[in-house]
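# Structure at a glance
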Amino acid sequence: MSGKDVYGELQADVAAVGRLDGVPTILSVICKVTGMGFAAVARVTDTHWVACAVRDDIQFGLQPGGGLDLASTICSEIYANGQPVVINEVATDPDFCTHHTPARYGFQSYISMPIYWRSGEFFGTLCAIDPRPANLKNDEVISMFRLFADLIGSELDAQQRLATSEAALLDEREGAELREQFIAVLGHDLRNPLASIAAGAQVLAQAPLDSRASAMVGMIAKSVQRMARLIDDVMDFARGRLGGGLGLVRQDDVSLQPVIEQVVAELRVAWPDRLITSSLSMTESVACDPGRIGQLLSNLLANALTHGDMSRPVHVAASTTGGVLELSVINHGTPMSPQTLTQLFQPFVRATDSRTEGLGLGLYIVSEIARAHSGSLDVVSNIDETRFTFRMNCAAGAV
């Protein structure tokens, strides 16, 4: 392979790491937890060491895309043997006190963890250095680095498979089938790295952190919750489109009022600056899947909070009258256009033309939950209000 080809591949790997939104937070958490001033994700081959992402609080001077002489680094040894290197203090370390790398770059503490693709191929390292000694040889720090290295490798692998799937989707003859398979695989593949993030956040939450680092851990936890919801939406969409249909765990005689109250309470916590009111009159039990009804309400309520007038309350109304459950979510603001209303429950369509976070699957899943319960879903949007109303018979098998 020519030097130009190698350079192109290395820069593509730098760009791939740059597309991982969680890497800057990971590097920041590493510096906060260890007290070290420099952390990086590096691409390491048998001939090159290239920085892909950098957190530099000590003016080491390395930027993403910048390289070091591989022979001058300890990473060349990690590439050869696949083992992490941890140094609390170079001056007292029997293996590295005379090593040329610390002397050349002027650091005393060092840690480097190998990163692998799922195939087992070596990608590079997650590393940190500092001119001062640091307490690194302990289970908490080493487990954190191993967890983050595994997460980065999994995310890179998922990104690579995503790019491969997208390329395959360009083939018009296989487009429809591959799109469904791609979504299903994507949903499953994201769960493992997401579980790693959640576990890492739990580990870090137990560590002695300052207020800024604790806030970062809180942000990670909130991102995990949001990603979990997006994955659930993707998987529900995939199940519906792949022919299995939306799964229900239907129960007889469900008291839905506690379910509705819990969803409202959760959204109040998630949207502390918004007013959510409710009027509930749930006198009859309902034959339904309570988890799915809670999901339906959560999606409707999140949609109303996102697109409604932020200065006015969002209202939830629920009743069971004459054997019929009626559940409504009402918000105020700019009415939806007739064209939007006709497409509202289609997948990948949002309630407004504004750019908002999400995949545009929330209302589609709401409609699928309603359909699975043999219920109806109506929407009215005018200058006075936008109201989504779900209705279904309370009794099992009722028509």
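What comes next is a walk through the structure.

Cut-offs used in this document
Residues numbered from 1 in each chain as written. Predicted model: local features only at pLDDT ≥ 70, side-chain atom pairs only at ≥ 80, totals over all residues. Heavy atoms only, no water. Helix = DSSP H or I, 4+ residues; strand = E, 2+ residues; numbered from the N terminus. Buried < 20%, exposed > 50% of the residue type's maximum accessible area, 1.4 Å probe, protein only. Contact = heavy atoms within 4.5 Å. Areas by Shrake-Rupley, 256 points an atom, 1.4 Å probe, with all protein chains shown as cover. Axes fitted to C-alpha atoms, helices over the stretch in contact; angles between N-to-C directions. Left-handed = near helix turned anticlockwise from the far one by under 90°. 1 Å grid on protein atoms, 1.4 Å probe; cavity = no way out; pocket = protein on both sides within 12 Å on 5 of 7 lines; lining within 4 Å. Points joined across faces, edges and corners; volume = space filled by probe spheres on them. Nonpolar A, V, L, I, M, F, W, Y, C, P; charged D, E, K, R; others polar. Pairing = 2+ DSSP bridges. Core = buried A, V, L, I, M, F, W, Y, C linked by side-chain atoms within 4.5 Å. Polar contact = N/O pair within 3.5 Å; in protein donor to acceptor, adjacent residues only side chain to side chain. Expected span 1.5 Å × (residues − 1). Arc of directions from axis to C-beta.

So, on to the overall build of the protein. For the protein, the helix and strand inventory stands at 11 helices and 13 strands. Within the span of the protein, comprising 399 residues, buried residues form 43% of the whole. Look at the contacts in the protein between residues 6 or more apart in sequence, and 66% of them connect residues 24 or more apart. Total accessible area on the protein stands at roughly 20000 Å², and carbon and sulfur atoms take up 52% of it.

Across the 11 residues that make up helix 11 (residues 362-372), a large majority, 8, are buried. Here helix 11 has its buried residues at Leu363, Tyr364, Ile365, Val366, Ser367, Glu368, Ile369 and Ala370. Positive phi shows up at Ser374, right after helix 11, with a value of about 55°.

Here the focus is the packing of helix 8 (residues 257-270) against helix 9 (residues 290-307). Contact geometry of helix 8 with helix 9 gives a least axis separation of 9 Å together with a crossing angle of 35°. Our pair here, helix 8 against helix 9, has a crossing hand that is right-handed. Here helix 8 contributes Val259, Ile260, Val263, Val264 and Leu267 to the contact with helix 9, which in turn contributes Pro290, Gly294, Leu297, Ser298, Leu301, Ala302 and Leu305.

This next bit is on empty space enclosed by the protein. This structure, assessed with the given rule, holds 1 cavity of 30 Å³ or more. Roughly 140 Å³ of volume is contained in the largest cavity. Mapped onto the lining of the largest cavity, the elements with two or more residues apiece are helix 4 (100-105) and strand 6 (122-130). Its residues assigned to classes, the lining of the largest cavity comprises 12 nonpolar, 3 polar and no charged.

Before going further, it helps to spend a moment on the pairing of strand 2 (residues 49-56). Relative to strand 2, strand 1 (residues 38-44) is paired through 7 bridges, and the arrangement is antiparallel. Paired with Phe38 across the two strands is Asp56, which belongs to strand 2. Summarising the sheet, strand 2 and strand 3 (residues 67-68) pair through 2 bridges and their orientation is antiparallel. Its bridge partner lying in strand 3, Trp49 is registered against Leu68.

Bringing the packing of helix 9 against helix 11 into the picture now. Any two packed helices are characterised by the angle at which their axes cross and by the distance between the axes. Between helix 9 and helix 11, the shortest axis-to-axis distance is 9 Å and the interhelical angle comes to 145°. The crossing of helix 9 and helix 11 is left-handed. Each of Arg292, Gln295, Leu296, Asn299, Leu300 and Asn303 in helix 9 lies in contact with helix 11, whose residues at this interface are Gly362, Leu363, Ile365, Val366, Ile369 and Ala370. Looking at the contact of helix 9 with helix 11, its residues break down into 7 nonpolar, 4 polar and 1 charged.

Turning our attention to the nonpolar core. Counting residues in each nonpolar core, the largest one holds 43 residues, and the members touching the most others are Ile30, Val41, Leu126, Phe145 and Ile152. With 8 residues, the single largest contributor to this core is helix 5 (residues 139-169). Membership of the second largest hydrophobic core comes to 40 residues, among which are Val254, Ile276, Val329 and Ile365.

Another point: the side chain of Ser367. Inspection of the secondary structure puts Ser367 in helix 11. Reaching out from Ser367, the side chain makes a polar contact with the backbone oxygen of Tyr364 at a distance of 2.6 Å. In contact with Ser367, other than residues within four places in its own chain, are Phe345 and Leu377.

End to end, helix 8 covers 20 Å across 14 residues, agreeing with the expected 20 Å (1.5 Å per residue, within 8%). The complete set of buried residues in helix 8 reads Val259, Ile260, Val263, Val264 and Leu267. Seen end-on, helix 8 carries its buried residues on one side only, within an arc spanning 130°. Looking at the buried side of helix 8, the elements it contacts are strand 8 (276-281), helix 9, strand 10 (314-321) and strand 11 (324-331).

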